[in-house]
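# Topology and contacts: notes
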Amino acid sequence: MWETIRGLVNEGCTVLLTTQYLDEADQLAGRIAVIDRGRKVAEGTPEELKASVGNSTLQLQLAPDADQELARQIVRRVAGADPVLTPESGRMNVPLDTADSAADVLIGFREAGVGIASVSVAQPTLDEVFFAITGADRADDQQAAEPVLEVQ
């Protein structure tokens, strides 16, 4: 199906597509609109939407015994941003203005005794954009927003 969509786009057609598979949306979409509870809350190219939540993302796997609420407070204080936390897995994504500020967050965790199992820094994903824009903490939210994609 994706090859068919790419073929239509290459022929100059515009395709309106709704999906919750944001990795595929990132590959296919020229523009994305995020609809939250019936209202458009954001629109732009994938790159513009990613830049709206930070230039980099600190991806953390907290240690199993880590205090997740303390970790969230440290991120807010140090990075000035709300992290996207998956409580069940202990994963946390932190939007950063610059990749350099990841060190400040990690130092804050070390000073507070918040354990980390793994860490990486990457460009934000559209999933992180979605959660940041809609404020949704869980992908299975019954009233979660659905991105609407315009593939050009």
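Treat the numbers as computed from the prediction; the structure is a model and nothing was measured. (Residues numbered from 1 in each chain as written. Predicted model: local features only at pLDDT ≥ 70, side-chain atom pairs only at ≥ 80, totals over all residues. Heavy atoms only, no water.)

## Considerations on the nonpolar core
Using the following cut-off: Take the buried Ala, Val, Leu, Ile, Met, Phe, Trp, Tyr and Cys residues and link them wherever side-chain atoms come within 4.5 Å; each set so joined is a nonpolar core. Residue burial is assigned from relative accessible area. The probe radius is 1.4 Å, only protein chains are included, and a residue is buried under 20% of its type maximum, exposed over 50%, and partly exposed in between. Helical segments are the DSSP runs of H or I of at least four residues, strand segments are the runs of E of at least two, and each set is numbered from the N terminus. Here, two residues are considered to be in contact whenever any of their heavy atoms come within 4.5 Å of each other.
Within the largest apolar cluster, 16 residues are counted, with the highest numbers of intra-cluster contacts made by Leu-58, Leu-62, Met-92, Val-94, Phe-109 and Val-114. Mapped onto this core, the elements with two or more residues apiece are strand 4 (56-62), helix 4 (68-79), strand 6 (91-96) and helix 5 (102-112). Those residues in contact with Val-114 that lie beyond four places of it in its chain are Leu-62, Ala-66, Leu-70, Ala-71, Ile-74 and Phe-109.

## Description of the sheet that holds strand 5 (residues 84-86)
What counts is decided by this rule: Two strands form a pair only when DSSP identifies at least two bridges running between them. A fitted line through C-alpha atoms serves as each axis, taken over the contacting stretch for helices, and the angle formed by two N-to-C directions is quoted from 0 to 180°.
Pairing in this open sheet of four strands is antiparallel, and the strands run 5-6-4-7 from one edge to the other. Among the strands making up the open sheet, the edge pair consists of strand 5 and strand 7 (116-122). Within the sheet, the average angular offset between the axes of one strand and its neighbour, ignoring direction, is 15 degrees. In this sheet, strand 6 lies alongside strand 5 in antiparallel orientation, the contact comprising three bridges. Within strand 6, the position partnered with Val-84 by the bridge is Asn-93. Lying on the sheet, helix 5 is in contact with strand 4, strand 6 and strand 7; it crosses strand 4 at an angle near 25 degrees.

## Digging into the packing of aromatic side chains
Convention followed: We call Phe, Tyr and Trp rings a pair once their centres come within 6.5 Å, taking the six-membered ring for Trp, and we label the pair stacked below 30 degrees between planes, edge-to-face above 60, and tilted otherwise.
Within this structure, the stated rule accounts for one aromatic pair. Look at Phe-130 and Phe-131: their rings are 5.5 Å apart centre to centre, the planes differ by 70 degrees, and that puts the pair in the edge-to-face class. The residues Phe-130 and Phe-131 share a single accessibility class, namely buried.

## Here we look at empty space enclosed by the protein
Stated formally: Within this scheme a cavity is a closed region of a 1 Å grid, computed over the protein atoms alone, that accommodates a 1.4 Å probe without allowing it to escape, whereas a pocket is open but has protein on both sides within 12 Å along at least five of seven lines; lining residues each have an atom within 4 Å of a point. Grid points are joined across faces, edges and corners, and a volume is the space filled by probe spheres set on the points.
Throughout the structure, instances matching the rule amount to two cavities of 30 Å³ or more. The computed volume of the largest cavity comes to approximately 60 Å³. Together, Val-53, Thr-57, Asp-82, Val-84, Asn-93, Val-94, Pro-95, Pro-124, Glu-128 and Ala-132 line the largest cavity. Secondary-structure elements contributing two or more residues to the lining of the largest cavity are strand 6 and helix 6 (126-134). A per-element tally of the lining of the largest cavity places strand 6 first, with three residues.

## As for the pattern of salt bridges
This is how it is decided: Any Lys or Arg side-chain nitrogen located within 4 Å of an Asp or Glu carboxyl oxygen qualifies as a salt bridge.
Using the criterion set out here, one finds eight salt bridges in the structure. A salt bridge links Arg-76 to Asp-82; its shortest N-O distance comes to 2.6 Å. Each member of the salt-bridge network shares a partner with another, and the members are Arg-31, Lys-40, Glu-43 and Glu-48.

## Quick look at the packing of helix 4 against helix 5
The condition is simple: Should an angle fall under 35 degrees it is taken as roughly parallel, and over 145 as roughly antiparallel, whereas 65 to 115 is taken as roughly perpendicular and any remaining angle as oblique. Crossings are sorted by hand: turned counterclockwise from the far helix by less than a right angle, the near helix makes the crossing left-handed, and turned clockwise it makes it right-handed.
Relative to each other, helix 4 and helix 5 sit at 135 degrees, their axes nearing to 9 Å. With respect to their mutual orientation, helix 4 and helix 5 come out oblique. The interaxial crossing formed by helix 4 with helix 5 has right-handed handedness. In contact with Leu-70, Ala-71, Ile-74, Val-75, Val-78 and Ala-79 of helix 4, helix 5 contributes Asp-104, Val-105, Gly-108, Phe-109 and Ala-112.

## A look at the confidence of the model for the protein chain
Counted only if it meets this: What pLDDT reports is the predictor's confidence in each residue, on a scale of 0 through 100.
Across the protein chain, the average pLDDT comes to 84, with 89% of residues at 70 or higher. Here strand 8 (residues 146-151) stands out as the element of the protein chain with the lowest mean pLDDT, 56, in contrast to helix 5, whose mean of 95 is the highest.

## Regarding helix 4
Selection criterion: Take the residue count of a helix, subtract one, and multiply by 1.5 Å to get its expected span. Arc, as used here, means the arc of the directions from the helix axis to the C-beta atoms. Side-chain atoms alone can form a polar contact between residues adjacent in sequence; in general such a contact is a pair of N or O atoms within 3.5 Å, and within protein one must be able to donate a hydrogen while the other accepts it.
For helix 4, built from 12 residues, the straight-helix expectation of 16 Å at 1.5 Å per residue is met to within 8% by its first-to-last C-alpha distance of 16 Å. Every buried residue belonging to helix 4 is among Ala-71, Arg-72, Ile-74 and Val-75, and all of these are buried. Down the axis of helix 4, the buried side of the element spans an arc of 160 degrees, and every buried residue falls inside it. Along its buried surface, helix 4 packs onto strand 4, strand 5, strand 6 and helix 5. The N-capping residue of helix 4, defined by a side-chain oxygen 3.1 Å from the backbone nitrogen of Glu-69, is Asp-67. In the segment just after helix 4, Gly-80 is the residue with positive phi, at about 65 degrees.

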